[in-house]
Amino acid sequence: MKKYSKILAVLFSFLILFSSLTFCVTADELSEDEAAPLTGVTINVYNWGEYISNGTDGSLDVNAEFTRRTGIQVNYTTFDSNESLYSKLAGGGADYDVIIPSEYMVSKLINEGMLHELDFNNIPNFQYIDEKFRDPAYDPECKHSVPYTWGLVGIFYNKDHIKEAPTSWEILWDEQYSGKILMFDNPRDAFAIAFSRLGFSLNSTDANHWEEAAMLLKEQKPLVQAYVMDQIFDKMESGEAWLAPYYSGDAGTLVDNNEHIGFIFPEEGTNYFVDSMCIPITSTHKAEAEAYINFMCDPEIAGANMDFVGYSTPISAAKEYLSEEAVNNEIFYPSEETLSKTEAFTTLPDDISTLLDSLWAEVKMGGPGDSLTLILIIAVFLAIYIWIIIHKRLKRKRELM
């Protein structure tokens, strides 16, 4: 009897699992007023901030729609950098089912055995991913990742103060705009700009190239108003800054909202980035996570999502659900000529990563010379402080005598 009970229990469990996984297939048969029964499963999704359609301003609430169609609930949280995502995963305390890192971080996570291989039987909508995104250098054959968005890095400029549209990264070193230039507070992106100016690969493993790029960034530092990330929007909109590098998806929104701001891709070339959906090796709901990835690759869902987010989609069929203005916008979908001069990041060797961190610290502090000056100033003040203490003690001792 126990033997048959075990068999029945296994079959029952299998049926529950099977029914939960087929919601994503049969969900299209639901009317807009219907909802799939809840499965009791909640997946944890970890994404960049402001990077999904959430129901505001009349947009589609993507996560709510996924739950309606599949019965799988979503616990959605955000991160602000690939490095903070990595720290969470490497620390061992994270419990995520779907994460959305950039290409070089995907490569790093694969190399360190931190991602599941995907079962594409559960992701039939992968068929809609454009061919050019299916065999990336950072994850050959997309075994561990499915592209979510892509874009390029370019330059914002204030048309009121910069009458002719810039064409080169060189403008970020132009002294006539001193104090009006913003720069990435992100070492990989900042060095990529210097590398583009110097004509080096963005993934160079030559230490001399990194030293040379650091010198160029140190030359720029006196002209930089601030090293920032999202603060770029407020500073550019208010006119506090006139020049700033940033990502094309966000650029489209800012340019649309402000006629005084333009955006260009420099002629030297730039970084081409892809953010992808992955499943950490620690995920306890892999099949449900794959159902989520499959849902996000539905052209209609991808179109509604990117219509809100503003980034470019790797699914051409999704463009049917985007405005014609967005599809024909060079910021979102650059020409092949522009794309031919781009390069995606790959994971750097450990020694180069360590060198990058050290050089970035020097750039932010103003270089080794300024660091030495600071140390000398602190030493002088410390010596004076010690002399004052000793002098007071000697004076008190004499008074007591």
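One can find the structure itself at the top, above this paragraph.
Basis of the calculations
- Residues numbered from 1 in each chain as written.
- Predicted model: local features only at pLDDT ≥ 70, side-chain atom pairs only at ≥ 80, totals over all residues.
- Heavy atoms only, no water.
- Pairing = 2+ DSSP bridges.
- Helix = DSSP H or I, 4+ residues; strand = E, 2+ residues; numbered from the N terminus.
- Contact = heavy atoms within 4.5 Å.
- Axes fitted to C-alpha atoms, helices over the stretch in contact; angles between N-to-C directions.
- Salt bridge = Lys/Arg side-chain N within 4 Å of Asp/Glu carboxyl O.
- Buried < 20%, exposed > 50% of the residue type's maximum accessible area, 1.4 Å probe, protein only.
- Patch = residues over 30% accessible without salt bridge, like charges linked within 9 Å, V, L, I, M, F, W, Y side chains within 5 Å.
- Areas by Shrake-Rupley, 256 points an atom, 1.4 Å probe, with all protein chains shown as cover.
- Core = buried A, V, L, I, M, F, W, Y, C linked by side-chain atoms within 4.5 Å.

I tried to follow the sheet that holds strand E2 (residues 73-79) on my own but got confused; where do I start?
In a beta sheet, neighbouring strands pair by backbone hydrogen bonds and run either parallel or antiparallel. Pairing is parallel in the open sheet, where 3 strands are placed in the order E2-E1-E3. Strands at the two margins of the open sheet, each flanked by one partner only, are E2 and strand E3 (98-99). As paired elements, strand E1 (residues 42-48) and E3 share 2 bridges and run parallel to each other. Each bridged residue has a counterpart across the sheet, and for Tyr46 the counterpart in E3 is Ile99. Most of the contacts of helix H2 (residues 62-70) go to E2, to which it runs at about 155 degrees, and overall it touches E1 and E2.

Explain the pattern of salt bridges here, please?
Two side chains that carry opposite charge are able to pair once their charged atoms sit near each other. Considering all chains together, one arrives at 8 salt bridges under this definition. Between Glu65 and Arg69 there is a salt bridge, and its shortest N-O distance comes to 2.8 Å. Of the two residues, Glu65 and Arg69 are both situated in helix H2; the distance of 4 residues between them amounts to about one turn of the helix. The two residues Glu65 and Arg69 agree in class, both being buried. In this structure, the salt-bridge partner of Lys364 is Asp185, at a minimum N-O distance of 2.8 Å. Of this pair, Lys364 sits in helix H13 (residues 350-365) while Asp185 sits in the loop between strand E5 (181-184) and helix H5 (187-198); the two residues are 179 residues apart in sequence, bridging distant segments of the chain. According to the relative accessible area criterion, Lys364 is partly exposed, its value standing at 32%. Judged by its relative accessible area of 34%, Asp185 falls in the partly exposed class.

Would you explain a nonpolar patch on the surface in this entry?
A contiguous nonpolar surface patch, about 270 Å² in accessible area, is contributed by Leu382, Ile386 and Ile390. Along the polypeptide, Ile390 turns up in helix H14 (residues 368-400). What makes Ile390 partly exposed here is its relative accessible area of 46%.

Would you mind going over the nonpolar core with me for this structure?
In globular proteins that are soluble, nonpolar side chains generally tend to be buried together. Ile99, Phe156, Leu172, Phe191, Trp210, Leu243 and Met277 are the most contacted members of the largest nonpolar core, which totals 116 residues. A per-element tally of this core places strand E4 (residues 146-158) first, with 8 residues.

Before we go on, may I ask you to explain the pairing of E4 in this structure?
The two faces of a sheet get side chains in turn, since along a regular strand they alternate between them. Burial within E4 is extensive, with 13 of its 13 residues counted as buried. With 6 bridges joining them, E4 and strand E9 (residues 270-277) adopt antiparallel strand pairing. Bridging from a neighbouring strand, Gly151 pairs with Phe273 of E9. Alignment of E4 against strand E7 (residues 243-247), held across 5 bridges, turns out to be antiparallel. Pairing of Gly154 across the sheet is with Tyr246, part of E7. As defined by bridge partners, E4 adjoins strand E8 (residues 261-264) across 4 bridges and the pair is classed as antiparallel. Bridging across to E8, Tyr157 finds its partner in Gly262.

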